[in-house]
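Breakdown of the fold
Single-letter residue listing:
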Amino acid sequence: MRRRTAWLIGAAALALAVMALAGREPPAPLVGQAAPALELPRPDGTTWRLADQRGRVVVLNLWATWCPPCRREMPALQRLSEALPEAQFTVVGLSVDEDRFLVEEFLRRLAITFPVVLDPDARATDDVLAVRAYPETLLIDADGVVRERILGEREWDSAEWQARIRALAVEGAP
């Protein structure tokens, strides 16, 4: 009986902690600052550099195949990628999965065509970006400044999000 009570108290405390964190925004030390110099491998072995995206608004989505909300929002990110002009915008997925073959299969199955990069040891997500939960998305303006950190699943292809993301290109225009 004592074990069961202790287990129930522990489970309730854990549930409360998770609910408290889920309602919070992530720490925002990067917002308003230049995005870190990220260089990460793509599944094909080539290197992707955030600095190479200068001049375009970047929607950097941090995700994993084991994360249900991440999997659910992928189709909306694909539709967003297709809706935005490539010359001004790019959607990039940063996967923390350890198995690149699992990532490739997932992308194939969902017909995801936007660029995806890998961070299997989570050095970029944990050490550089201080990510606490997945999915998390950084909106980076054309000058390379992090404008927003968004925690949790979103309908990225909705009119509201498209307008918000498009506004970043207009705000940064001369």
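Presented here is an overview of the structure given in this document. Computed from a prediction, not measured in an experiment: that's the story for all the values here.

Observations regarding the overall build of the protein
- Looking only at helices and strands, the protein has five helices and seven strands in total.
- Overall, the protein shows an N-to-C arrangement of helices and strands of α-β-β-β-α-β-α-β-α-β-β-α.
- With 174 residues in all, the protein has 43% of them scored as buried.

A look at the side chain of Thr90
- In this structure, Thr90 sits in strand S4 (residues 89-95).
- Take Thr90: its relative accessible area is 8%, and that puts it in the buried class.
- Those residues in contact with Thr90 that sit more than four places away from it in its chain are Gln53, Arg56, Val57, Val58, Val59 and Pro115.

Describing the state of the cysteines
- Under the criterion given, the structure shown has one disulfide.
- What pairs with Cys67 in a disulfide is Cys70, and their sulfur atoms sit 2.3 Å apart. The sign of the S-S torsion, about 75°, decides the handedness of the disulfide formed by Cys67 and Cys70: right-handed. For the pair Cys67 and Cys70, one class covers both residues: buried.

Remarks on the sheet that holds S4
- Taken in spatial order, the five strands line up as S5-S4-S3-S6-S7 in an open sheet, and their pairing is mixed. A strand with exactly one partner marks an edge of an open sheet, and here the two such strands are strand S5 (116-118) and strand S7 (146-151). Averaged over neighbouring strand pairs, the angle between their axes works out to 20° when direction is ignored.
- With respect to the sheet, helix H3 (residues 100-110) is in contact with strand S3 (57-63), S4 and S5, its orientation differing from that of S5 by roughly 165°.

Quick word on the layout of surface pockets
- Taken as a whole, the second largest pocket holds about 170 Å³ of empty space.
- In this structure, the second largest pocket is lined by 14 residues; those nearest its centre are Ala35, Leu50, Ala51, Arg54 and Gly144.
- By residue class, the composition of the lining of the second largest pocket is nine nonpolar, two polar and three charged.

Re the pattern of salt bridges
- Here the structure, examined in full by the defined rule, presents nine salt bridges.
- A salt bridge links Arg79 to Asp157, with the nearest nitrogen and oxygen atoms 2.4 Å apart. Of this pair, Arg79 sits in helix H2 (residues 68-83) while Asp157 sits in the loop between S7 and helix H5 (159-171), and the two are 78 residues apart along the sequence.
- The class of Arg79 is partly exposed, set by a relative accessible area of 39%.
- For the salt bridge of Asp121 with Arg123, the shortest nitrogen-to-oxygen distance reads 3.3 Å.
- According to the relative accessible area criterion, Arg123 is exposed, its value standing at 55%.

Here we look at the environment of Val170
- When you line up the elements, Val170 lands in helix H5.
- With relative accessibility at 62%, the residue Val170 sits in the exposed group.
- For the pair Val170 and Asp141, spaced 29 residues apart in sequence, the C-alpha to C-alpha distance is 9.7 Å.

A short note on the packing of aromatic side chains
- Summed over all chains, the structure comprises three aromatic pairs.
- With a centroid separation of 5.3 Å and 35° between ring planes, the pair formed by Trp63 and Phe106 is classed as tilted. Here Trp63 is found in strand S3, whereas its partner Phe106 is found in helix H3, with 43 residues between them in sequence.
- Taking relative accessible area as the criterion, Phe106 reaches 4% and is therefore assigned buried.
- Measuring from centroid to centroid gives 5.8 Å for Trp66 and Tyr134, while their planes differ by 85°, and the two rings are edge-to-face. One end of the pair, Trp66, is in the loop between S3 and H2; the other, Tyr134, is in the loop between helix H4 (123-128) and strand S6 (136-140), and 68 residues separate them in sequence.
- Exposure remark for Trp66: the relative accessible area of 53% places this residue in the exposed category.

Conventions and cut-offs
Residues numbered from 1 in each chain as written. Predicted model: local features only at pLDDT ≥ 70, side-chain atom pairs only at ≥ 80, totals over all residues. Heavy atoms only, no water. Helix = DSSP H or I, 4+ residues; strand = E, 2+ residues; numbered from the N terminus. Buried < 20%, exposed > 50% of the residue type's maximum accessible area, 1.4 Å probe, protein only. Contact = heavy atoms within 4.5 Å. Disulfide = S-S within 2.5 Å. Pairing = 2+ DSSP bridges. Axes fitted to C-alpha atoms, helices over the stretch in contact; angles between N-to-C directions. 1 Å grid on protein atoms, 1.4 Å probe; cavity = no way out; pocket = protein on both sides within 12 Å on 5 of 7 lines; lining within 4 Å. Points joined across faces, edges and corners; volume = space filled by probe spheres on them. Nonpolar A, V, L, I, M, F, W, Y, C, P; charged D, E, K, R; others polar. Salt bridge = Lys/Arg side-chain N within 4 Å of Asp/Glu carboxyl O. Phe/Tyr/Trp six-rings, centres within 6.5 Å; stacked < 30°, edge-to-face > 60°.

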